[in-house]
Amino acid sequence: MAAWLGKDDPALESTLRTAASLSQVGMIRLPHELLTKAGPLTPEERLLMEKHVDYAVEALRGIDFGLPVLQTIEQMHERMDGSGYPRKLQGEAICLQARILAVANTFCALMRPRSYRRRHDEPAALAILRERPFKYDQQVVDALAAFLQSAQGKEFVRILQQ
């Protein structure tokens with residue numbers, strides 16, 4: 001999506017690839033029952049689930065990536081309107097890499113079924129990403145929408161739906 005945003009930057013791409021690969025490492029510390037629950041989370045369970053970000057940062061803190069990988073992982077669940085976690089950052093206080101991963105991660109999650117809901121189709125997933133107040137960077141959502149119209153994007157969606 002960085003390319004669709006007009007960002008031809010090898011460091012940005014490397015940060016995104018590395019952060020995306022490591023962003024869920026903190027989930028290992030969460031109780032299995034929480035990760036496999038067949039219904040919506042209670043407020044207490046949601047707070048516990050949100051700890052996965054802190055656990056990931058804690059596990060990766062000593063590694064020198066030479067890139068803002070840790071910052072990206074820490075911020076990818078923040079939202080433009082300040083409703084995210086763990087620090088309630090908003091707008092431009094969230095690094096571009098995290099804003100890109102937030103859109104990508106959310107889109108992929110919406111396109112896959114969960115134990116407590118059916119999967120969304122592409123238009124519905126994009127509509128959620130465009131809901132007001134904006135939780136997601138709309139330039140990134142626009143880049144995703146443009147990507148999805150390409151042959152590569154159509155193949156990506158096909159794979160997601162398998």
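Just above, that's the structure.
Because the structure is a prediction, the values reported are computed rather than measured.

Student: Would you mind showing me how to read the pattern of salt bridges here?
Tutor: Any two side chains of opposite charge can pair, so long as their charged atoms come close to each other. Tallied over the entire structure, the rule returns ten salt bridges. Across the pair glutamate 58 and arginine 29 runs a salt bridge, and its minimum N-O distance is 3.0 Å. With glutamate 58 in helix 3 (residues 43-60) and arginine 29 in the loop between helix 1 (10-22) and helix 2 (32-35), this residue pair connects regions lying 29 residues apart in the sequence. Here glutamate 74 and arginine 87 are joined by a salt bridge, their closest N and O atoms 3.0 Å apart. Within this pair, whereas glutamate 74 is found in helix 4 (residues 69-75), its partner arginine 87 is found in the loop between helix 4 and helix 5 (96-110), the two being separated by 13 residues in sequence. Among the ionic contacts, a cluster of salt bridges with common partners joins Asp54, Glu74 and Arg87.

Student: Got a minute to help me understand the environment of glutamine 71 in this structure?
Tutor: The residue glutamine 71 is located in helix 4 in this model. Exposure remark for glutamine 71: the relative accessible area of 37% places this residue in the partly exposed category. The spacing of glutamine 71 and proline 86 is 15 residues in sequence and 12 Å in space, taken between C-alpha atoms.

Student: Would you mind going over the side chain of serine 23 with me for this structure?
Tutor: Along the chain, the position of serine 23 falls in the loop between helix 1 and helix 2. Within the local environment of serine 23, its side chain forms a polar contact with the side chain of glutamine 24, the two groups lying 3.2 Å apart. If we skip the residues at most four places from it in the chain, serine 23 touches His52, Ala56, Ile73 and Met76.

Student: Before we go on, may I ask you to explain unusual backbone geometry in this structure?
Tutor: Excluding glycine, residues mostly have negative phi values, and the peptide bonds linking residues are mostly trans. Note the cis peptide between tyrosine 85 and proline 86, where omega equals 10°. Turning to its location among the elements, proline 86 is positioned in the loop between helix 4 and helix 5. The omega torsion across arginine 132 and proline 133 is -5°, close enough to zero to call that bond cis. Considering the arrangement of structural elements, one finds proline 133 in the loop between helix 6 (122-129) and helix 7 (138-149). Of note, lysine 88 is a non-glycine position whose phi angle comes to about 60°, a positive value. Residue position: lysine 88 is located in the loop between helix 4 and helix 5.

Student: Explain the environment of glutamate 74 here, please?
Tutor: Overall, the relative accessible area of 22% leaves glutamate 74 in the partly exposed class. Along the primary structure glutamate 74 and tyrosine 55 are separated by 19 residues, whereas in three dimensions their C-alpha atoms are 9.9 Å apart. Dropping the residues within four chain positions of it, glutamate 74 is found in contact with Val53, Val57, Tyr85, Pro86 and Arg87. Looking at glutamate 74, its side chain comes within polar contact range of the side chain of arginine 87, at 3.0 Å.

Student: Hey, could you run me through empty space enclosed by the protein in this one?
Tutor: A water-sized probe rolled over the atoms picks out the places where empty space is left. Under the criterion given, the structure shown has one cavity of 30 Å³ or more. Quantified by volume, the largest cavity comes out at close to 40 Å³. What lines the largest cavity is Gln75, Glu78, Arg79, Met80, Ile94, Ala98, Arg99, Ala102, Val103, Lys135, Tyr136 and Asp137. The element that contributes the greatest number of residues to the lining of the largest cavity is helix 5, accounting for four residues. Among the residues forming the lining of the largest cavity, the class breakdown is six nonpolar, one polar and five charged.

Student: What is the right way to read helix 6 from this model?
Tutor: Among all positions of helix 6, only Glu122, Ala125, Leu126 and Leu129 are buried. Relative to the axis of helix 6, the buried residues are bounded by an arc of 95° and lie together on one face. Buried-residue contacts for helix 6 involve helix 5, helix 7 and helix 8 (151-160). The opening residue of helix 6 is aspartate 121, an N-cap whose side-chain oxygen sits 2.9 Å from the backbone nitrogen of alanine 124.

Conventions and cut-offs
- Residues numbered from 1 in each chain as written.
- Predicted model: local features only at pLDDT ≥ 70, side-chain atom pairs only at ≥ 80, totals over all residues.
- Heavy atoms only, no water.
- Salt bridge = Lys/Arg side-chain N within 4 Å of Asp/Glu carboxyl O.
- Helix = DSSP H or I, 4+ residues; strand = E, 2+ residues; numbered from the N terminus.
- Buried < 20%, exposed > 50% of the residue type's maximum accessible area, 1.4 Å probe, protein only.
- Polar contact = N/O pair within 3.5 Å; in protein donor to acceptor, adjacent residues only side chain to side chain.
- Contact = heavy atoms within 4.5 Å.
- 1 Å grid on protein atoms, 1.4 Å probe; cavity = no way out; pocket = protein on both sides within 12 Å on 5 of 7 lines; lining within 4 Å.
- Points joined across faces, edges and corners; volume = space filled by probe spheres on them.
- Nonpolar A, V, L, I, M, F, W, Y, C, P; charged D, E, K, R; others polar.
- Arc of directions from axis to C-beta.

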